[in-house]
Amino acid sequence: MKLSDTQLFRGLKEEEISSLLSCLSAKERKYQKGETILSEGSITDSIGIVLSGMAVISCNDIWGNASVLGNVVPGSVFAEVYACIPGQPMLVTVSAVEETSVLFLKIGRVLSPCTNACQFHTKLVGNLLTICAHKSLLLSQRIQHTSSKSVRGRLMSYFSECARRSGSNSFMIPYNRQQLADYLNVDRSAMCNELSKMQKDGLIEYKKNQFLLKA
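Because the structure is a prediction, the values reported are computed rather than measured. (Residues numbered from 1 in each chain as written. Predicted model: local features only at pLDDT ≥ 70, side-chain atom pairs only at ≥ 80, totals over all residues. Heavy atoms only, no water.)

Here the focus is the sheet that holds strand S5 (residues 66-72). The strand order S2-S7-S4-S5 describes an open sheet built from 4 strands, whose pairing is antiparallel. With partners counted over all chains shown, the strands left at the sheet margins are strand S2 (36-38) and S5, one partner each. If you compare each strand with its neighbour and ignore which way they point, the axes differ by 35° on average. (Pairing = 2+ DSSP bridges. Helix = DSSP H or I, 4+ residues; strand = E, 2+ residues; numbered from the N terminus. Axes fitted to C-alpha atoms, helices over the stretch in contact; angles between N-to-C directions.)

Disulfide: a covalent bond formed between the sulfur atoms of two cysteine residues. All told, the structure shown has 0 disulfides when counted by the stated rule. Free of any disulfide, Cys59 has its nearest cysteine sulfur in Cys132, 19 Å distant. The class for Cys59 is partly exposed, based on a relative accessible area of 23%. In this structure Cys162 is a free cysteine whose sulfur lies 16 Å from that of Cys192, the closest cysteine sulfur available. On the basis of relative accessibility, which here comes to 5%, the residue Cys162 falls in the buried class. (Disulfide = S-S within 2.5 Å. Buried < 20%, exposed > 50% of the residue type's maximum accessible area, 1.4 Å probe, protein only.)

Strand order across the open sheet formed by 3 strands is S9-S11-S10, with antiparallel pairing between neighbours. Pairing within the sheet leaves two strands with one partner each, and these edge strands are strand S9 (170-172) and strand S10 (204-207). The mean inter-strand angle of the sheet, taken between neighbouring strand axes irrespective of direction, is 20°. In this structure, S9 lies alongside strand S11 (residues 210-213), joined through 3 bridges in antiparallel fashion. Note that in S11 the partner of Met172 across the bridge is Gln210. Strands in contact with helix H7 (residues 188-200) are S10 and S11; relative to S10, the strand with the most contacts, it is inclined by about 125°. (Contact = heavy atoms within 4.5 Å.)

Right under this line is the structure:
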């Protein structure tokens, strides 16, 4: 994908972005399915932009139970909060869901003035602030989805948000069944059983990751 289509470089032309990449110490890396991109406890001074593939953000408790916090699709940014706080260990792990290409950028070069292409830094900082605000909104949405005490309530809250976001009662979700269960903080078997019950009750139809909410 074009970097001008990414969240961080939105509003900048390709030639402007090209002049910025060396200033930002840009480095591209490729990861295989299941490979860890950034691990919990590590320290990073770079933000990552997914160019292709997809990554998932998760955390583990002391017993090894995983909780999915979100996914990172092409054009999206991750690790921006940790990169902005020098020396802050990551509380999450970022892993490749499939073969994934990531562009890393030194955050200090974004936040500090430089002699190259400085006129573009204000736009970058503004885009980065928008990204952080959007991430905060997504976290609030997850809290809302997991506030229900029932598995069905959590599923319906999440599906309703997906339908609103897509503008249709038919939509694709980015998670497999285990990832969805982790995201909603429920047991996978209980969730799958509830999905079957909801389909029998005429509330939804689904095939793999394609869902339809029925009125």
